[in-house]
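What follows is each chain in one-letter form.
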Amino acid sequence: MSPRLFLLSTALPIAMAFSTAALAGEVKAVASFTVLADVVKQVGGKHVTVTSLVKPDGDPHEFEPSPVNAKSLNAADVVFVSGLGLEGWMDRLISASGYKGTPVDVSQGIKTREMDEDGKTVTDPHVWNSPVNVKVWVKNIETTLATADPADKDDFKANAAAYLQKLDELDRYAHQKFDPIPQDRRKILTSHDAFGYFGREYNVTFLSPLGVSTETEASAGDLAKLIEQIKAEHVKTYFFENSNDPRLVKQVAKATGAAPGGELYVESLSKANGPAPTYEKMFRYNVDKIADAINKSS
């Protein structure tokens, strides 16, 4: 992991992290990727315009910023990131754009997962795959927008409260789907290790050939161990992801006999006409796909 991946953890307190250019009733917000952009839209409502740097179906790990992204950042009143090492490209984009503010790390306050990857302890950045964690995002976003636009703070508070109720509904929905399934059957093969918080919340085991970042590479030895583990634990279903290359997970599946369960939306929303154009729809879609695959394979 490059040291720059943790630069964002030194962000200023949320209340100080916005540009003073924000005007009441019109906040220009930039979010690092589509999942976060949607949550900002839910809280901001009509008072905030949101631009996502990474576009639908894009991989936030391997994203390469463009001059258009630099222009969006420079014009922003407030910039939101998930942090925890996800946006390793953000520091150089800030330098290139001339943006004078400090990105708001919306994951501050989340109980994170620490993992071993290639002998190093790393923090899992995929916090949004649990709606319980997204509730923390919502509170941090509300605080930031209320500071940037105090005149509309009551609307932000109301929007946040309504969305928190939806997140509670998503959490209940997932429990209703997974709680009846025997825990020894809640096992799935995915492209990379992005479902750790989902797994922690709903006691689902996710196995993958890649670590927390799609930029990592799996060694032959790691793949051999994974194949043996999948066979030993009788994992019967694999999924690929909308935002990265499915070839490796298909290779592992072929060696183990795991059957395809379809596509999951892990780090990126779909386009507007797809099955996961919002966080709420994305989460329900993933829950349905995973639970149905487990039930069918039993």
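Residues numbered from 1 in each chain as written. Predicted model: local features only at pLDDT ≥ 70, side-chain atom pairs only at ≥ 80, totals over all residues. Heavy atoms only, no water.

Here we take up the side chain of S107. Structurally, S107 can be placed in the loop between β4 (104–105) and β5 (114–117). The class of S107 is buried, set by a relative accessible area of 3%. Within the structure, S107 has its side chain in polar contact with the side chain of W137 (distance 3.2 Å). Not counting residues up to four positions away in its chain, the partners in contact with S107 are S82, L84, V127, W137 and N140. (Helix = DSSP H or I, 4+ residues; strand = E, 2+ residues; numbered from the N terminus. Buried < 20%, exposed > 50% of the residue type's maximum accessible area, 1.4 Å probe, protein only. Polar contact = N/O pair within 3.5 Å; in protein donor to acceptor, adjacent residues only side chain to side chain. Contact = heavy atoms within 4.5 Å.)

With that settled, the discussion passes to the environment of D179. Positionally, D179 belongs in the loop between α5 (153–178) and β7 (187–189). With 25 residues separating them along the chain, D179 and V204 place their C-alpha atoms 10.0 Å apart.

This part is about the nonpolar core. Grouped together as the largest cluster of nonpolar side chains are 73 residues, with contacts concentrated most on W137, F178 and Y279. In this view, W137 contacts F33, V35, L36, V39, S82, V106, S107, I110, V127 and W128; residues no more than four positions away in its chain are not counted. Formed by seven residues, the second largest nonpolar core is a distinct cluster that contains L189, Y238, A253 and A258. (Core = buried A, V, L, I, M, F, W, Y, C linked by side-chain atoms within 4.5 Å.)

The next subject is the packing of helix α2 (residues 67–74) against helix α3 (residues 90–97). Interhelical geometry of α2 versus α3 gives an angle of 75° and a closest axis separation of 9 Å. Taken together, the axis directions place α2 and α3 in an arrangement best described as roughly perpendicular. Together, N69, A70, L73 and N74 of α2 and M90, L93, I94 and S97 of α3 make up the contact between the two elements. (Axes fitted to C-alpha atoms, helices over the stretch in contact; angles between N-to-C directions. Parallel < 35°, antiparallel > 145°, perpendicular 65-115°, else oblique.)

A few words on helix α4 (residues 131–148). Taking 1.5 Å of rise per residue, the 18 residues of α4 would be expected to cover 26 Å, and the 25 Å separating its terminal C-alpha atoms lies within 8% of that figure. For α4, the full list of buried residues reads P131, N133, V134, W137, V138, N140, I141, T144, L145, A146 and A148. (Expected span 1.5 Å × (residues − 1).)

Here we take up the sheet that holds strand β3 (residues 78–81). Strand order in the open sheet made by the four strands is β2-β1-β3-β4, with parallel pairing throughout. Of all strands in the sheet, those with a lone pairing partner are β2 (48–52) and β4, marking the two edges. Note that β3 and β4 share two bridges and pair parallel. Paired with F80 across the bridge in β4 is V104. (Pairing = 2+ DSSP bridges.)

A separate point is the pairing of strand β1 (residues 27–31). With four of its five residues buried, β1 lies for the most part within the structure. Bridge analysis of β1 against β2 gives five bridges, and the strand direction is parallel. Of the residues in β2, the one forming a bridge with K28 is T49. Since β1 and β2 lie parallel, the crossover through helix α1 (residues 34–44) that links them has a hand, and here it is right-handed. In terms of strand pairing, β1 meets β3 through three bridges, oriented parallel. Note on β3: the bridge partner recorded for V30 is V79. (Right-handed = clockwise from strand over helix to strand, strands pointing away.)

Averaged over all residues, the pLDDT of the protein chain is 84; the fraction at 70 or higher stands at 81%. For the stretch residues 1–23, pLDDT sits under 50, and the model shows 40 contacts to residues farther than four places along the chain or on other chains. Per-residue pLDDT stays below 50 along residues 211–215; that stretch engages in 22 contacts with residues further than four places along the chain or on separate chains. (pLDDT = per-residue confidence, 0-100.)

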